[in-house]
Amino acid sequence: MARRGERRPPVQVERISMLVEKGELAPPAALASFRQTGTPLAVSSTAGTDSPLEKALANLDRLVGLKEVKQLVHEIKAFIEIQQRRAQEGLATEPLTLHMIFKGNPGTGKTTVARILGCIFKELGVLSKGHLVEVERADLVGEYIGHTAQKTREQIRKALGGILFVDEAYSLARGGEKDFGKESIDCLVKAMEDHRDDLVLILAGYREEMDYFLQTNPGLRSRFPIRIDFPDYTLDELLEIAQIFLAERDYYLSVSAREELMRQLQVAHNLRHSGNARLVRNIIERAIRRQAVRLSGQKNLSRDQLMIIERVDLEGGAAA
Amino acid sequence: MKECLIVGKTHAGKTMFALNFAHYLGVTNLEITFRHPSGLVGSKTYSISAARRELVGAAPHTTRALQSITLDLPVGKGSKRCLFTDTSGLVDHIHADVEIRRAIAQTLGAIREADLILHLIDAAAVGLQDAPSALGEVDYQVAQFAQMRTGYAMLANKMDLPGASVGLARLRQEFPGHTILPISALYKRGFREVKAFVQRYL
Ligand SMILES: Nc1nc2c(ncn2[C@@H]2O[C@H](COP(=O)(O)OP(=O)(O)OP(=O)(O)O)[C@@H](O)[C@H]2O)c(=O)[nH]1
Ligand SMILES: [Mg+2]
């Protein structure tokens, strides 16, 4: 879910208090809006002076769950910084190989983390631009001889200075020897050599498929020293994601709506569609539309009514 | 000095807790500083019985200011000073009385700045829809908000009343992963655990 890393600018705290006093905002909605401003005052008061690097790290830390991922990113950052310091002192340094494998189900935060890594690498001076180019097989593999190299090189060119993120990377190895996917892989490997100072490659996909892909392409394994596992979200984490998603949009769940959402997430969990933030997002987006339908035509809507998602808005689940 | 804020719905027993907890820690003359929403500040010293008589309410919305007591808690070999602040009670909906809304806005502002939050919930009223201290939206939102910080505990109050243990079970179910300490503010039960919790965060 790409949007997890995105945040709107903080709403003004004073304004929220004023609205409560004026009777335009109910206390629960006020607290929900406070959450939108992120961390408590003590931290947010220095937010204006944060460097882009600190902001990127704060964005990372603010993501729900992903404890190990966060820790690993902090380690990578520390490693880069120390290597740079050692270089300044003329000490021996390890070459920085930052190409990575991301393993995990869809909707577990891979793209979001990749985007944040781009920012961090830029701020650390490892990449010149730090942007993210997301591609999949269709963007890389062509239909005739020479076409694939051309398409792949085109994507590499776009990604120079940033991160090339190949989703479902194992599909490049599909179809065996004759498949053009192989040609694309070769092209990518060459680009990793040619642009070692200004390109980071991330290969992403389902855990089992990626493991098999690396096993069958041993040459690739050593080129991707960093492997990150993205576990499925727990039910509590999914609920938190839903609540952040809503708070960012000035909505919040009523008590019974929250129960209903938990129930639906539990059902999805039992059906093994679990751990997927995209599912949560679909449910919530639909509830927001249904709330609008429920309220439309009503006069004299209070601010609170406009913000609250009720149980009925969630009933029926994510299906269209 | 760190500030420990006592929040919760109106009539949950915040003032009773603040006073009796201070008394439990050995304070006999309670010097209370009042910070009114208007900005006025004053202070007054009470005996414990006078404080209970004047400040604990038979009706909701008794407290209308931030009422602070300075407490010394033993930490390690020494002790740490901490400001214990009782607040005006919260409601789920927009209250009709502007004075009460102003007091609530003040509480909300204080919630954002507190170092430590003790969230009182009337365990005996958890399932009572109509009671002013029934578990409500605002409790969920306080829990959500406070989760982002280190020092946060729920105090399930009025455990001496019938129905409170059912209420406590429900709270445990509703708020998994939160620290929930059962207490009776009236009879000073469960205060040892509260003290230990506060000490940990000073
Ligand atoms: N049985 C019992 N009653 C309690 C307990 N704690 C408080 N009460 C009663 O609950 C009522 C409200 O107590 P307060 O301390 O005034 O509540 P508050 O949360 O400060 O309420 P406001 O300031 O009005 O928002 C009073 O009648 C208290 O006597 C308790 O532990 N047990
Ligand atoms: Mg009170």
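Use the structure listed above.
Residues numbered from 1 in each chain as written. Chains lettered and ligands numbered in written order. Predicted model: local features only at pLDDT ≥ 70, side-chain atom pairs only at ≥ 80, totals over all residues. Heavy atoms only, no water.

Draft legend 1. Here's a closer look at the site of ligand 1. Residue and element names in this part refer to chain B. In the vicinity of ligand 1 there are 23 residues, among which K14, T15, T62, T63 and D160 approach most closely. Within the complex, the protein chains bury 90% of what would otherwise be the 650 Å² of accessible surface of ligand 1. When residues in the shell around ligand 1 are grouped by element, the largest group, 3 residues, is from helix α1 (residues 14–24). Of the residues in the shell around ligand 1, the class split is 8 nonpolar, 11 polar and 4 charged. (Near = heavy atom within 4 Å. Areas by Shrake-Rupley, 256 points an atom, 1.4 Å probe, with all protein chains shown as cover. Helix = DSSP H or I, 4+ residues; strand = E, 2+ residues; numbered from the N terminus. Nonpolar A, V, L, I, M, F, W, Y, C, P; charged D, E, K, R; others polar.)

Draft legend 2. Structural view of the coordination of the magnesium ion (ligand 2). Residues and elements named next belong to chain B. Within the first shell, the magnesium ion (ligand 2) binds the protein through T15 (OG1) and T63 (OG1), at distances of 1.9 to 2.0 Å. Taken together, the positions of T15 in helix α1 and T63 in the loop between α2 (48–55) and β4 (66–75) put the pair 48 residues apart, joining distant regions of the chain. An identical accessibility class is assigned to T15 and T63; each is buried. (Donors = N, O, S within 2.8 Å, 3.2 Å for Na, K, Ca; no water. Buried < 20%, exposed > 50% of the residue type's maximum accessible area, 1.4 Å probe, protein only.)

Draft legend 3. Focus on the packing of aromatic side chains. For the coordinates displayed, the defined rule picks out 11 aromatic pairs over all chains. With centroids separated by 5.5 Å and ring planes inclined at 85°, the aromatic side chains of F17(B) and F191(B) adopt a geometry described as edge-to-face. Of this pair, F17(B) sits in helix α1 while F191(B) is found in helix α6 (residues 191–200), placing the two residues 174 residues apart along the sequence. For the pair F17(B) and F191(B), one class covers both residues: buried. Counting every residue linked through ring pairs, the aromatic cluster contains F17(B), F21(B), Y24(B), F84(B) and F191(B). We note R249(A) situated over the ring of F245(A); from NZ or CZ to the ring centre the distance is 3.7 Å. Across the ring face of F34(A), the terminal group of R112(B) is positioned such that the distance to the ring centre comes to 5.1 Å. (Phe/Tyr/Trp six-rings, centres within 6.5 Å; stacked < 30°, edge-to-face > 60°. Lys NZ or Arg CZ within 6 Å of the ring centre and 35° of its normal.)

Draft legend 4. Here's a closer look at α6(B). Residues and elements named next belong to chain B. By the burial criterion, the buried members of α6 are F191, V194, F197 and V198. Projection of α6 onto a plane perpendicular to its axis shows the buried side chains occupying an angular sector of 120°, all on one side. In α6, the exposed positions angled more than 90 degrees off the buried face are occupied by R192 and R200. The elements touched by buried residues of α6 are α1, β4, β5 (78–86), β6 (116–122), β7 (151–157) and β8 (180–182). (Arc of directions from axis to C-beta. Contact = heavy atoms within 4.5 Å.)

Draft legend 5. Quick look at a negative patch on the surface. Residues and elements named next belong to chain A. A cluster of like negative charges, contributed by E136, E168, E208 and E209, occupies part of the molecular surface. Relative to the helices and strands, E208 resides in helix α10 (residues 207–216). Classification of E208 as exposed rests on a relative accessible area of 55%. (Patch = residues over 30% accessible without salt bridge, like charges linked within 9 Å, V, L, I, M, F, W, Y side chains within 5 Å. Salt bridge = Lys/Arg side-chain N within 4 Å of Asp/Glu carboxyl O. Lys, Arg positive; Asp, Glu negative; His and termini not counted. Charge placed at Lys NZ, Arg CZ, Asp CG, Glu CD.)

Draft legend 6. Structural view of the sheet that holds strand β4 (residues 200–205) of chain A. Residues and elements named next belong to chain A. What the 5 strands build is an open sheet, ordered β2-β3-β4-β1-β5; its pairing is parallel. A strand with exactly one partner marks an edge of an open sheet, and here the two such strands are β2 (132–135) and β5 (226–230). Neighbouring strand axes in the sheet, compared pairwise and without regard to direction, differ in orientation by 20° on average. Relative to β4, strand β3 (residues 163–166) is paired through 4 bridges, and the arrangement is parallel. Counterpart to L164 in the pairing with β4 is L201. (Pairing = 2+ DSSP bridges. Axes fitted to C-alpha atoms, helices over the stretch in contact; angles between N-to-C directions.)

So far we have only geometry, and geometry alone does not tell us how the molecule works.
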